[in-house]
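# A closer look at the structure
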Amino acid sequence: MTNRDEMIAGFRVLPGYFDREAQAQLLAHVRNVQAMTPFWRPTMPRTGKPLSVKMTNFGSLGWMTDKAGGYRYVTHHPETGAPWQVIPEPLMALWEAHADYPAVPEACLVNWYAPDSRMGMHVDWDEAATDAAVISVSLGDKARFRLGNHTRGGTTQSMILSSGDVVVLGGASRRCYHGVDRIYPGTSTLLDETSFPGGGRINLTLRRVTIPSAPKPC
Ligand code: MD3
Ligand code: FE
C-alpha cells in the first residue's frame, strides 16, 4: 500500500445518498433557521478579509472566524446572539450510520457558495476530537472538490460532488488539505431564488469538536 492509499483509506464517497425529496427536506431545515441564525459573512483572523462563502451552523457548537477572535467554536450566532438550532434528524441518522464514533456530532457547519465562491486548500484544525470523521453533504450546484496531502503542495486529486452526495473524511484523510476549486452554476434547481438569492451550493459538514468523556463503567 502506498502512502497515498493509507492517507485516503478513511475517505469514502456515498454518491446520491440523499434523494431529491431528502435534499429538499434538508434545505427546508436550513431555511427554517434563517430567522434566528441567518447566513453571515465571516472574516479572516488579523486581516479581516471576508471569506468567499457565507456561513451558519446547527448544533451545540458552531464554527466561526472574525478579525478579532480568529477561528473558533461558539454556542451562539455572532450577530443575532441566538443559540444555534438543533442538528436536523436526518443528519444525526447519517452520523450514526457512518461516523463509526461513540459520541454525537456537536457542530454542523453550513457553507453557502455563490456561483463564484471557492474555498482555498486548508486543514480543519479547530476540533480537539481529531479522531472523529468529518461528514459532508452537498446540496445544490455541482462543485469540484480537491483532496490533497498532509502537507501543503504535493499530489492532489479532484472530484465533482453533486447534490445529495455524502463524503466521509475518516482516518488519516481527516488531516488532509482540501478545498473547493469552483462551483458549476446552474447545474441544480434545488436552491429556490426566494430563500437563496443567486443560487449556488450549500455544504453541510458534521463534526465532533470536544473529546467525549469516558463512558461510565457498568
Ligand atoms: C477533508 N468544506 O467546511 S466539505 C470546511 O465543500 C470545508 O464546503 C468544503 O472544507 C465544502 O471546512 C469541503 C468536505 C470536507 C470537510 C472537512 C474535511 C473535507 C475535509 C476535513 C479533512 C479533510
Ligand atoms: Fe475544511
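First, a word on what this report is: a plain description of the structure on this page. (Residues numbered from 1 in each chain as written. Chains lettered and ligands numbered in written order. Predicted model: local features only at pLDDT ≥ 70, side-chain atom pairs only at ≥ 80, totals over all residues. Heavy atoms only, no water.)

Once that is clear, we can look at the sheet that holds strand 11 (residues 178-184). The antiparallel open sheet is built from four strands, whose spatial order is 6-11-8-9. Looking along the sheet, the strands with just one partner apiece sit at the ends: strand 6 (119-122) and strand 9 (157-161). Neighbouring strand axes in the sheet, compared pairwise and without regard to direction, differ in orientation by 20 degrees on average. (Pairing = 2+ DSSP bridges. Helix = DSSP H or I, 4+ residues; strand = E, 2+ residues; numbered from the N terminus. Axes fitted to C-alpha atoms, helices over the stretch in contact; angles between N-to-C directions.)

Quick look at the sheet that holds strand 1 (residues 11-14) now. Strand order in the open sheet made by the six strands is 1-10-7-12-5-2, with antiparallel pairing throughout. The sheet is open, and its two borders are formed by strand 1 and strand 2 (54-59), each paired with just one other strand. Between one strand axis and the next, the sheet turns by 20 degrees as a mean value, whatever way the strands run. Pairing analysis gives six bridges linking strand 7 (residues 134-140) to strand 12 (residues 201-207), with the strands arranged antiparallel. In the sheet register, Leu-139 faces strand 12, and the bridge partner there is Ile-202.

So, on to the environment of Leu-169. Tracing the backbone shows Leu-169 in strand 10 (residues 166-169). Residue classification places Leu-169 among the buried positions, given a relative accessible area of 12%. When the C-alpha atoms of Leu-169 and Ser-52 are compared, they prove to be 23 Å apart, with 117 residues separating the residues in sequence. (Buried < 20%, exposed > 50% of the residue type's maximum accessible area, 1.4 Å probe, protein only.)

The next thing to look at is the site of ligand 1. Near ligand 1 there are 19 residues, and of these Tyr-113, Asp-124, Arg-174, His-178 and Arg-201 occur at the shortest range. Side-chain polar atom of Asn-111 to an oxygen atom of ligand 1: 3.0 Å apart, as the coordinates give it. Comparing atom positions with the cavity grids shows ligand 1 to sit within the largest pocket. Those elements giving two or more residues to the shell around ligand 1 turn out to be strand 5 (107-113), strand 6, strand 7, strand 11 and strand 12. No other element matches the four residues that strand 12 contributes to the shell around ligand 1. Residues that form the shell around ligand 1 fall into these classes: eight nonpolar, seven polar and four charged. (Near = heavy atom within 4 Å. Polar contact = N/O pair within 3.5 Å; in protein donor to acceptor, adjacent residues only side chain to side chain. 1 Å grid on protein atoms, 1.4 Å probe; cavity = no way out; pocket = protein on both sides within 12 Å on 5 of 7 lines; lining within 4 Å. Sits in = over half its atoms within 2 Å of the grid points. Nonpolar A, V, L, I, M, F, W, Y, C, P; charged D, E, K, R; others polar.)

For an α-helix the count is 3.6 residues per turn, leaving residues at separations of three or four pointing the same way. Those residues of helix 3 (residues 89-98) not exposed but buried are Pro-90, Leu-91, Leu-94, Trp-95 and His-98. All buried residues of helix 3 fall inside an arc of 145 degrees around its axis, so they share one side. Residues of helix 3 that are exposed and angled more than 90 degrees away from the buried face: Glu-89, Glu-96 and Ala-97. Where helix 3 is buried, its residues meet strand 1, helix 2 (20-32), strand 5, strand 7, strand 10 and strand 12. The first or second residue beyond helix 3 is Asp-100, which carries a positive phi of 55 degrees. (Arc of directions from axis to C-beta. Contact = heavy atoms within 4.5 Å.)

What follows concerns the layout of surface pockets. The calculated volume of the largest pocket comes to roughly 840 Å³. As for the largest pocket, its lining consists of 40 residues, of which Met-119, Gly-120, His-122, Asp-124 and His-178 are closest to the centre. Elements represented by at least two residues in the lining of the largest pocket include exactly strand 5, strand 6, strand 7, strand 8 (142-147), strand 10, strand 11 and strand 12. Its residues assigned to classes, the lining of the largest pocket comprises 21 nonpolar, ten polar and nine charged. (Points joined across faces, edges and corners; volume = space filled by probe spheres on them.)

Before going further, it helps to spend a moment on the pattern of salt bridges. The tally for this structure, following the rule as stated, stands at eight salt bridges. Of the charged contacts, one joins Glu-127 and Arg-207 as a salt bridge, the two residues approaching to 3.0 Å between their closest N and O atoms. Of this pair, Glu-127 sits in the loop between strand 6 and strand 7 while Arg-207 sits in strand 12, and the two are 80 residues apart along the sequence. Each member of the pair, Glu-127 as well as Arg-207, carries the same accessibility label: buried. Residue Asp-181 is joined to Arg-144 by a salt bridge in which the shortest nitrogen-to-oxygen separation is 2.9 Å. Of the two residues, Asp-181 is situated in strand 11 and Arg-144 in strand 8; the sequence distance between them amounts to 37 residues. Counted as one network, the salt bridges with shared partners bring together Asp-124, Glu-127, Arg-174 and Arg-207. (Salt bridge = Lys/Arg side-chain N within 4 Å of Asp/Glu carboxyl O.)

Right, let's get into the pairing of strand 11. Relative to strand 11, strand 6 runs antiparallel, the two being bridged by two bridges. Paired with Met-119 across the bridge in strand 11 is Val-180. As judged from the six bridges shared by strand 8 and strand 11, these two strands associate in the antiparallel manner. Residue Ala-143 lies in a different strand from strand 11, and its bridge partner there is Ile-183.

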